[in-house]
Amino acid sequence: MKQTEPDFWVLEYVTITKDPRTDLVVAIGGTDKAADILQRTGGFLSAPGPRGDYHRLPHGLPVEQQRLKATAASHALLGAGHSVHLDPTLNMLVAPDGEREAALRYLAGLAEQAAAATTSSEVAEVLTEVAAPVHGLLPLAREVVVRAWIAARDFPGAAPAGEPDPIARLGSTATSMSEAARAILHARNHAARPAQRPATTSPPPSRAQPVESRRR
């Protein structure tokens, strides 16, 4: 007997995620019943989109409020029988160390990817993740150090006499991290270049023998 594909009601599926361009929490998909739950439970607003209406949370909400409303709306939808995908970064019910464990798995995966690289382009992909100017691991870590340095300067406390101030040295440490990121990015650009074949050289022309020697 010929197998037929199941009849899915695609509109029953709701995706709640965070738009990376605008930082707005949006909900896509769902029926009128789902829209009612989004509006009543999560405080979502209806908005026109290029492919039809969608829902989003209001502008300017703090991150914790975004997570609270998205989590409440997703569980209300699930309770009403809808299928929901909730962005893990918006889920307030995940384990506290979940994001840290995911970051550690990501770093371990990059190390394995680097160890298994067989081409320079594969090495370049790993180095891009480390030193990309905006979302690279090293620039993001530098941003953490800079913010910690700015905050720590306002706290009382001084280094022991004769010792350099460790808090003041955070500024130079951040500069060193920037220089390291530039060096890694330079190496990444070099590794990403396609390998050039060595130029072929034609053999030198053979010297013609003198006429006298050819006649012998």
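Right above here is the structure, for reference.
The paragraphs below set out a description of the structure included in this document. In this text, all values refer to a predicted model and were calculated from it rather than measured experimentally.

### Re the nonpolar core
No. 1: By size, the foremost hydrophobic cluster in this structure holds 14 residues, and its most contacted members are Ile16, Val25, Leu38, Phe44 and Leu77.
No. 2: Mapped by element, the contributors of at least two residues to this core are β1 (13-18), β2 (25-29), α1 (32-42) and α2 (63-79).
No. 3: Counting residues in hydrophobic clusters, the runner-up holds six residues, among them Leu138, Val145, Ala174 and Met177.

### Things to note about unusual backbone geometry
No. 1: Located in the positive-phi region is Asp23, a residue other than glycine, with phi close to 65 degrees.
No. 2: Checked against the element boundaries, Asp23 lands in the loop between β1 and β2.

### Quick look at the packing of helix α4 (residues 120-131) against helix α6 (residues 168-192)
No. 1: Running from N to C, α4 and α6 cross one another at 155 degrees; their axes reach a closest spacing of 8 Å. Classed by the angle they form, the pair α4 and α6 counts as roughly antiparallel. In the packing of α4 onto α6, the handedness of the crossing is left-handed. Contacts from Ser120, Ser121, Ala124, Leu127, Thr128, Val130 and Ala131 in α4 reach Ala181, Ile184, Leu185, Ala187, Arg188, Ala191 and Ala192 in α6.
No. 2: Of the residues in the contact of α4 with α6, the class split is 10 nonpolar, three polar and one charged.

### Thoughts on the sheet that holds strand β5 (residues 83-86)
No. 1: Reading across the sheet, the five strands line up as β3-β4-β2-β1-β5 and stay open at both edges, with mixed pairing between neighbours. What marks the edges here is a single partner per strand, and that holds for β3 (45-47) and β5. Geometrically, the sheet is characterised by an average inter-axis angle of 25 degrees between neighbouring strands, direction not taken into account.
No. 2: In this structure, β1 lies alongside β5, joined through four bridges in parallel fashion. When the sheet's bridge partners are listed, Ile16 is paired in β5 with Leu86.
No. 3: Sheet contacts for α1: β1, β2, β3 and β4 (54-56); angle to β4, the most-contacted strand, approximately 10 degrees.
No. 4: Lying over the sheet, α2 contacts β1, β2 and β5, oriented at roughly 170 degrees with respect to β1.

### Some points on the pattern of salt bridges
No. 1: For the structure shown, the criterion picks out four salt bridges.
No. 2: A salt bridge links Arg21 to Asp19; the nearest nitrogen and oxygen atoms lie 3.9 Å apart.
No. 3: With a relative accessible area of 17%, Asp19 lands in the buried category.
No. 4: Here Glu143 and Arg147 are joined by a salt bridge, their closest N and O atoms 3.0 Å apart.

### Thoughts on the pairing of β2
No. 1: In the sheet, β1 pairs with β2 via five bridges, with the strands oriented antiparallel. Bridge pairing in β2 places Thr17 opposite Val26.
No. 2: Here β1 folds back onto β2 in antiparallel fashion, the turn holding six residues, of which Asp23 has a positive phi close to 65 degrees.
No. 3: Where β2 meets β4, two bridges bridge the pair, whose relative direction is antiparallel. Counterpart to Val26 in the pairing with β4 is Arg56.

### Focus: helix α5 (residues 137-152)
No. 1: Between its first and last C-alpha atoms α5 spans 23 Å; for 16 residues at 1.5 Å apiece the expected length is 22 Å, and the two agree.
No. 2: Regarding α5, the residues found buried are Leu138, Pro139, Val145, Val146 and Ala152. Axial view of α5: buried residues confined to an arc of 145 degrees, hence all on one face. Of the exposed residues in α5, the ones pointing more than 90 degrees away from its buried face are Val144 and Arg147.
No. 3: Lining the buried residues of α5 we find α4 and α6.

### Quick look at the environment of Val25
No. 1: Mapped onto the elements, Val25 comes out in strand β2.
No. 2: A C-alpha to C-alpha distance of 5.5 Å links Val25 and Arg56, two positions 31 residues apart in sequence.

About the cut-offs
Residues numbered from 1 in each chain as written. Predicted model: local features only at pLDDT ≥ 70, side-chain atom pairs only at ≥ 80, totals over all residues. Heavy atoms only, no water. Core = buried A, V, L, I, M, F, W, Y, C linked by side-chain atoms within 4.5 Å. Buried < 20%, exposed > 50% of the residue type's maximum accessible area, 1.4 Å probe, protein only. Helix = DSSP H or I, 4+ residues; strand = E, 2+ residues; numbered from the N terminus. Axes fitted to C-alpha atoms, helices over the stretch in contact; angles between N-to-C directions. Parallel < 35°, antiparallel > 145°, perpendicular 65-115°, else oblique. Left-handed = near helix turned anticlockwise from the far one by under 90°. Contact = heavy atoms within 4.5 Å. Nonpolar A, V, L, I, M, F, W, Y, C, P; charged D, E, K, R; others polar. Pairing = 2+ DSSP bridges. Salt bridge = Lys/Arg side-chain N within 4 Å of Asp/Glu carboxyl O. Expected span 1.5 Å × (residues − 1). Arc of directions from axis to C-beta.

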